[in-house]
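Below, each chain spelled out in residue letters.
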Amino acid sequence: MITISLCMIVKNEEAVLARCLDSIAPLMDEIIIVDTGSTDRTKEIAARYNAKIYDYKWQDDFAAARNYCFSLASMEYIYSADADEVLDTDNQERFALLKEAMLPEVELVQMKYLTKNDFNTVLNFQEEYRPKLFRRLRTFSWIDPVHETVRLDPVVFDSDVEIIHLPQSLHSGRDFQCFLKAFAKDGQLSPRLHSMYAKELLMTGTKEQFAESLPVFLHTMAQDTVSQDMRREASCVLARHFRLNGNVNKFFKLTLKDTAVNPCSEICCELGWYFQAADDYEEAALWFYNAAYETESILDVRTSGKLPLEGLCACYEHQGLHEQAEEYRRAAADWQLPRDISSLA
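Because the structure is a prediction, the values reported are computed rather than measured.

J.: In this structure, what is going on with the sheet that holds strand β5 (residues 85-86)? I would like to understand it.
T.: Each strand in a sheet pairs with its neighbour through backbone hydrogen bonds, running either in the same direction (parallel) or in the opposite one (antiparallel). Ordered in space as β3-β2-β1-β4-β7-β6-β10-β5, the 8 strands form an open sheet in which the pairing is mixed. The open sheet has two edge strands, β3 (52-55) and β5, and neither has a second partner. Pairing analysis gives 7 bridges linking strand β6 (residues 108-115) to strand β10 (residues 156-165), with the strands arranged parallel. Bridge pairing in β10 links V109 to F157.

J.: When you look at helix α1 (residues 17-24) in this model, what are you seeing that I'm missing?
T.: Helical periodicity: at 3.6 residues per turn, an α-helix aligns residues three or four positions apart in one direction. For α1, the tally of buried residues reaches 6 of 8 residues, placing the bulk of the element in the interior. Against the buried residues of α1 lie β1 (4-10), α2 (42-47), β4 (77-80), β5 and α4 (89-101).

J.: Sorry if this is basic, but what is going on with the confidence of the model for the protein here?
T.: Taken as a whole, the protein shows an average pLDDT of 90; of its residues, 92% reach a score of 70 or greater. By mean pLDDT, strand β8 (residues 142-143) is the weakest element of the protein at 74, and strand β2 (residues 30-35) is the strongest at 98. Contacts of residues 341-345 to residues separated by more than four positions or lying in other chains number 4 contacts, the stretch itself having pLDDT below 50.

J.: Just to check I follow, could you spell out the packing of helix α10 (residues 248-261) against helix α11 (residues 265-277) for this structure?
T.: Axis angle and axis distance: for two packed helices, these are the angle between their axes and the distance between the axes, and together they describe the pair. Their axes nearest at 10 Å, the elements α10 and α11 cross at an angle of 140°. As the angle between them shows, α10 and α11 are arranged oblique. The element α10 and its partner α11 pack so that their crossing is left-handed. The segment α10 lies against α11, with V248, F251, F252, T255, D258 and T259 engaging I267, E270, L271, Y274 and F275. Residues of the contact of α10 with α11, tallied by class, amount to 7 nonpolar, 2 polar and 2 charged.

J.: I tried to follow the side chain of S265 on my own but got confused; where do I start?
T.: In this fold, S265 is placed in helix α11. Within polar-contact distance, the side chain of S265 engages the backbone oxygen of A291 at 3.1 Å. Setting aside its immediate chain neighbours within four residues, S265 contacts A291, T295, E296, S297, T303 and S304.

J.: Teacher, can you tell me more about helix α9 (residues 228-244) here?
T.: With 17 residues, α9 should cover 24 Å at 1.5 Å per step; its first-to-last C-alpha distance of 24 Å lies within 8% of that length. Turning to α9, its buried residues are M230, R232, E233, A234, S235, C236, V237, L238, A239, R240, H241 and F242. Once α9 ends, the next one or two residues include G246, with phi positive near 70°.

J.: Would you mind showing me how to read the pairing of β3 here?
T.: Relative to β3, β2 runs parallel, the two being bridged by 4 bridges. Across the sheet, the residue bridging to D35 is D55, located in β3. Viewed along the sheet, the connection from β2 through α2 into β3 turns out right-handed.

J.: Honestly, the pattern of salt bridges in this entry has me stumped. Any pointers?
T.: Note on pairing: side chains with opposite charge can pair once their charged atoms come close. Applying the stated criterion across every chain, the model contains 19 salt bridges. Close ionic contact of D55 with K43 constitutes a salt bridge, the shortest N to O distance being 2.9 Å. Here the residue D55 occupies a position in strand β3, and K43 occupies one in helix α2, the gap between them amounting to 12 residues. Look at D55 and you get exposed, because its relative accessible area is 55%. A salt bridge links E326 to R329; the nearest nitrogen and oxygen atoms lie 2.6 Å apart. With E326 and R329 both in helix α14 (residues 322-334) and 3 residues apart, this pair spans about one turn of that helix. Residue class for E326 comes out partly exposed when judged on its relative accessible area of 31%. A relative accessible area of 33% places R329 in the partly exposed class.

Parameters at a glance
Residues numbered from 1 in each chain as written. Predicted model: local features only at pLDDT ≥ 70, side-chain atom pairs only at ≥ 80, totals over all residues. Heavy atoms only, no water. Pairing = 2+ DSSP bridges. Helix = DSSP H or I, 4+ residues; strand = E, 2+ residues; numbered from the N terminus. Buried < 20%, exposed > 50% of the residue type's maximum accessible area, 1.4 Å probe, protein only. Contact = heavy atoms within 4.5 Å. pLDDT = per-residue confidence, 0-100. Axes fitted to C-alpha atoms, helices over the stretch in contact; angles between N-to-C directions. Parallel < 35°, antiparallel > 145°, perpendicular 65-115°, else oblique. Left-handed = near helix turned anticlockwise from the far one by under 90°. Nonpolar A, V, L, I, M, F, W, Y, C, P; charged D, E, K, R; others polar. Polar contact = N/O pair within 3.5 Å; in protein donor to acceptor, adjacent residues only side chain to side chain. Expected span 1.5 Å × (residues − 1). Right-handed = clockwise from strand over helix to strand, strands pointing away. Salt bridge = Lys/Arg side-chain N within 4 Å of Asp/Glu carboxyl O.

Here is the structure:
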């Protein structure tokens, strides 16, 4: 049986930490809690579970905090958890079986991550695999019978353990500051961070937060070397900003370019919302229909499902077409996030 260090970074988690540790602690051989500045009872609660508690000065860098936390572990494997995660009884049993039967060559275990409530900030699926259990010290081995080389890719196992994510609020404001700090430091965002920033803005951003993001996404549009994917992401964010601020000329310059080349559901929704606000419900319905049935989303899967269906319902209600409105009302109510990425294949 393998040994596992639980590694967590926390701040002001008194409302959920005990729930998390009650479900996970019995499976762990060591509990390491890195606190980044709690002012509530978080550390007091952690101490009840014989956790090793360390203070860490927050630097707007989750990777740095997790690296520090991992450096304190001493067991064979490290399990990384957030305080708003829970293992139910069935998955505690699955985890226990995994711990007992783990093959020595496995270096990384992925587990299904399920967000169960409305505070789902960046996921486009009900569940997705995430790396959760890591071998602390990695060994290297030679592979291939001829022209032999060192195996660099980790041995990954996709387990049947399901982690239930039960956040009590959105954390997007905190995340946005991290994105902006990373951009200020490096002068650009990696493609992965760029996509996550755009996605989280579209799903949860306020008018003010869109305004704060302008340097990042205007920079993207000004570069000739960025990918077409990044340019399309930036267009979605900037279109939302220009619409919210009434900059009609810039709004249509962006949206018309997108629809002329490779339209996406996000831009079609923006056009629908623009015409809806202008009380042009016939034109708005056209764009909502395009979003729901003729295009695909690139950032927020809801823009090719629930959101334009709700828009179609509202537009038909305003036109007095109650039968059609009811049809789209039912469709919006029945719409669900895809179960996982395979369901889109």
